Amino acid sequence: MGAIEDSEPPLKRIKGRPNSLEDSSSFTDSIACSLGDSMARPLPSQGDDGETIGSKGVIKRSEFIKIITRALYSLGYNKSGAILEEESGIPLNCSVVNLFMQQVVDGKWNDSVSTLRTIDLLDEKAVNLASFLILEQKFLELLKTEKVNAALDTLRNEIVPLQINSSRVHELAKCIFSPSSEFSSPNEDVATSRENLRDACAFHNALDTDLSLYSDHQCGRTQIPTQTLQTLVVHSDEVWFLQFSHNGKYLASASKDQSAIIWEVQEDGPVSPKHVLTGHRKPVLVVSWSPDDQQLLSCGQEEVVRRWDVSSGECLQVYEKNGVGLISCGWFPDGKGIFSGMTDKSICLWDLEGRELECWKGQRTVKISDMAITDDGKRILSICKETAILLLDREANWESMIEEEEVITSFSLSKDNKFLLVNLINQEIHLWSLEGDIKVVAKYKGHKRDRFVIRSCFGGFEQAFIASGSEDSQIYIWHKSSGELLLTLPGHSGAVNSVSWSPANLHMLASASDDRTIRIWGLNQLNLTHKLTHRNDIAIHSNDRT
């Protein structure tokens, strides 16, 4: 077909069936159907093609053996497959098909296309489809070896005339300008298939090892934490904030009762109080875990930030500034310093001993306690005015803003730093993509917010879900990508102010409410329910504090 032949050895390929051809079952099936029975004959001692097996006599023996042979080869058992062909006298393919396959493996693209057309296939469409796949691989390998002119010639003179899959032809044309984007390994293809399975399952919340490519995957809502396993009653007033530690072994909560509590999460599920942290003279707005989960920050409402030792419950340091209150707190990614938003609308950075390192003055924050820093420590995010979030680049000394049309009440940064979840006063939650062009990529609706600060979070497998509190005493859970409202969880008797999804246990969620309780949510499975009956609705009263 084309005048360009390969002048250099082909790239390293996996011996056996070509990957690009394996992806097209219609092509390989056509070859098997047209050649398998007409050209492959069993030895006389083994019977003829008409012989059937099975109790009902409906399975052709030759076809059954070919299925087994093909399975052996596909699993890499080439020796066993060859032995079966020899012993049964039923070859999987005829000589011309074997020649064709070897030419593809060796990268003899033009020869393989020519050989393909000598195979007695009934369907011309299958021939063209197979030719397309072969020439596509030729094009990509030419690009990978930087033979751009040869690749362009293949595209124009060999691929385009086939008039197959015009959208893919356009993608290949783009590869000439950005060739690296189209190369992928067989392992990456498998990963993509599993990702597609996950995306098709709204409730997917399990590891990839639980997936099979042989059947459509559906998790069902049983994989989402929907049942209250424990009700924790220790705080004596509204619980405003809570957060799991990075390793999932602890939970910390902040309350209007001027205390914070460190809870211990046992491996088998139950949550129990470890330390009640007192010392603040005003309600505690937020808490923040150190990167190694060995320390905890707590921030009083327009007051001070305290640093606590998780093991002992001891207060290690108090951060304060004369005449100025602190309203938010967070950690440097290396755990060697902290940052805080101030009532004078500035952002300050301290070392662990309380020495001020930097301070950005001006309209850098408002009296809302949400701040975040990216994992590389370069960018700090803060609500700088009612409808905008500041992105402050420390290294480049550069600022930009994410602007909303409605008042922002809270936000949350995703674990991979790629997304920002923004809660708005108009009862909407917006998902912003922080990569490339910063933009809103999803919106979530349904929850209720009228007077209070309501917080949301990412959670589940690869943070595929969005969970949020609500003033109607329920928890709302959406699918992150589609924006579909999946579940509402009743149980609290007051506004749900904050939720946190365990990063270590995909099936554990915690919620904090104005009803002074914290609820631990888990899977709603009958056997799990019976197992945890003695744990449900545990009330740990304040007079039991240690």
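Residues numbered from 1 in each chain as written. Predicted model: local features only at pLDDT ≥ 70, side-chain atom pairs only at ≥ 80, totals over all residues. Heavy atoms only, no water.

**Examining the side chain of Ser468**
Moving on, step 1. By the secondary structure assignment, Ser468 is in strand 25 (residues 465–468).
Moving on, step 2. At a separation of 2.9 Å, a polar atom in the side chain of Ser468 contacts the side chain of Ser456.
Moving on, step 3. Once you skip the residues sitting within four places of it in the chain, Ser468 turns out to touch Asn423, Ile429, His447, Ile454, Arg455, Ser456, Gln474, Ile475, Tyr476, Trp478 and Val499. (Helix = DSSP H or I, 4+ residues; strand = E, 2+ residues; numbered from the N terminus. Polar contact = N/O pair within 3.5 Å; in protein donor to acceptor, adjacent residues only side chain to side chain. Contact = heavy atoms within 4.5 Å.)

**Brief notes about the UniProt feature "repeat: WD" (unreviewed entry) in the protein chain**
Moving on, step 1. Taking the UniProt record as the reference, the feature "repeat: WD" (unreviewed entry) is found at residues 232–273, 277–318, 465–488 and 489–531.
Moving on, step 2. For residues 465–488, helix accounts for 0% and strand for 54%, while the C-alpha atoms at its two ends are 13 Å apart. (UniProt positions renumbered as here; feature names shortened; annotations may be inferred.)

**Description of the sheet that holds strand 22 (residues 428–433)**
Moving on, step 1. Across the sheet, which stays open at both edges, the four strands sit in the order 20-21-22-23 with antiparallel pairing between neighbours. Because the sheet does not close on itself, it has two edges, and the strands there are strand 20 (408–413) and strand 23 (439–445). Here the strands of the sheet are splayed against their neighbours by 25 degrees on average, with no regard to which way each runs. (Pairing = 2+ DSSP bridges. Axes fitted to C-alpha atoms, helices over the stretch in contact; angles between N-to-C directions.)

**What to know about the sheet that holds strand 10 (residues 305–309)**
Moving on, step 1. The strand order across the open sheet built from four strands is 8-9-10-11, with neighbouring strands paired in antiparallel fashion. Unpaired on one side and paired on the other, strand 8 (284–289) and strand 11 (315–319) mark the two borders of the sheet. On average, each strand axis in the sheet is inclined to that of its neighbour by 20 degrees, with strand direction left out of account.
Moving on, step 2. Relative to strand 9 (residues 295–300), strand 8 is paired through five bridges, and the arrangement is antiparallel. Bridging from a neighbouring strand, Trp289 pairs with Leu296 of strand 9.

**Some thoughts on the side chain of Thr517**
Moving on, step 1. Position of Thr517 relative to the elements: it lies in the loop between strand 29 (509–513) and strand 30 (518–523).
Moving on, step 2. Within the structure, Thr517 has its side chain in polar contact with the side chain of Asp515 (distance 2.6 Å).
Moving on, step 3. Among residues more than four places away in sequence, those in contact with Thr517 are Thr231, Leu232, Val233, Val239, His492, Ser511 and Ala512.

**Things to note about helix 4 (residues 78–88)**
Moving on, step 1. When helix 4 is considered as a whole, its buried residues turn out to be Gly81, Glu85 and Ser88. Within helix 4, the buried residues cover an arc of 85 degrees as seen down the axis, which keeps them to one side. Residues of helix 4 that are exposed and angled more than 90 degrees away from the buried face: Lys79, Glu86 and Glu87.
Moving on, step 2. Residues of helix 4 that are buried make contact with helix 3 (61–74). (Buried < 20%, exposed > 50% of the residue type's maximum accessible area, 1.4 Å probe, protein only. Arc of directions from axis to C-beta.)

**Re the environment of Ser288**
Moving on, step 1. Of note, Ser288 is situated in strand 8.
Moving on, step 2. Expressed as a C-alpha distance, the spacing of Ser288 and Ser298, which sit ten residues apart in the sequence, is 6.6 Å.
Moving on, step 3. Every residue in contact with Ser288, bar those within four places of it in the chain, is listed here: Gln243, Gln295, Leu296, Leu297, Cys329, Gly330 and Trp331.

**Digging into the pattern of salt bridges**
Moving on, step 1. Under the counting rule described, the total for this entry stands at nine salt bridges.
Moving on, step 2. For Glu136, the salt bridge identified is with Arg168, shortest N-O distance 2.5 Å. Taken together, the positions of Glu136 in helix 7 (residues 124–144) and Arg168 in helix 9 (residues 166–175) put the pair 32 residues apart, joining distant regions of the chain. Both residues of the pair, Glu136 and Arg168, count as buried. (Salt bridge = Lys/Arg side-chain N within 4 Å of Asp/Glu carboxyl O.)

**Here's the deal with the packing of helix 7 against helix 9**
Moving on, step 1. Across the interface, helix 7 lies against helix 9 with an axial gap of 11 Å and an inter-helix angle of 10 degrees. Viewed along their axes, helix 7 and helix 9 adopt a mutual orientation that is roughly parallel. Every pair of crossing elements has a handedness; the one defined by helix 7 and helix 9 is left-handed. Here helix 7 contributes Phe132, Glu136, Phe139, Leu140 and Leu143 to the contact with helix 9, which in turn contributes Arg168, Val169, Leu172 and Cys175. (Parallel < 35°, antiparallel > 145°, perpendicular 65-115°, else oblique. Left-handed = near helix turned anticlockwise from the far one by under 90°.)

**Things to note about the environment of Lys415**
Moving on, step 1. Within the secondary structure layout, Lys415 lies in the loop between strand 20 and strand 21 (419–424).
Moving on, step 2. Sequence-wise, Lys415 and Glu462 are 47 residues apart; in three dimensions their C-alpha atoms are separated by 9.1 Å.
Moving on, step 3. The residues contacting Lys415, other than those within four sequence positions of it, are Asp375 and Gln463.

**Focus on the confidence of the model for the protein chain**
Moving on, step 1. Per-residue pLDDT for the protein chain has a mean of 81; in total, 77% of the residues score no lower than 70.
Moving on, step 2. Of the regions scoring below 50 in pLDDT, residues 1–48 engages in 96 contacts with residues more than four places distant in sequence or in other chains.
Moving on, step 3. Scored below 50 in pLDDT, residues 180–194 makes 16 contacts in the model with residues more than four places away or belonging to other chains. (pLDDT = per-residue confidence, 0-100.)

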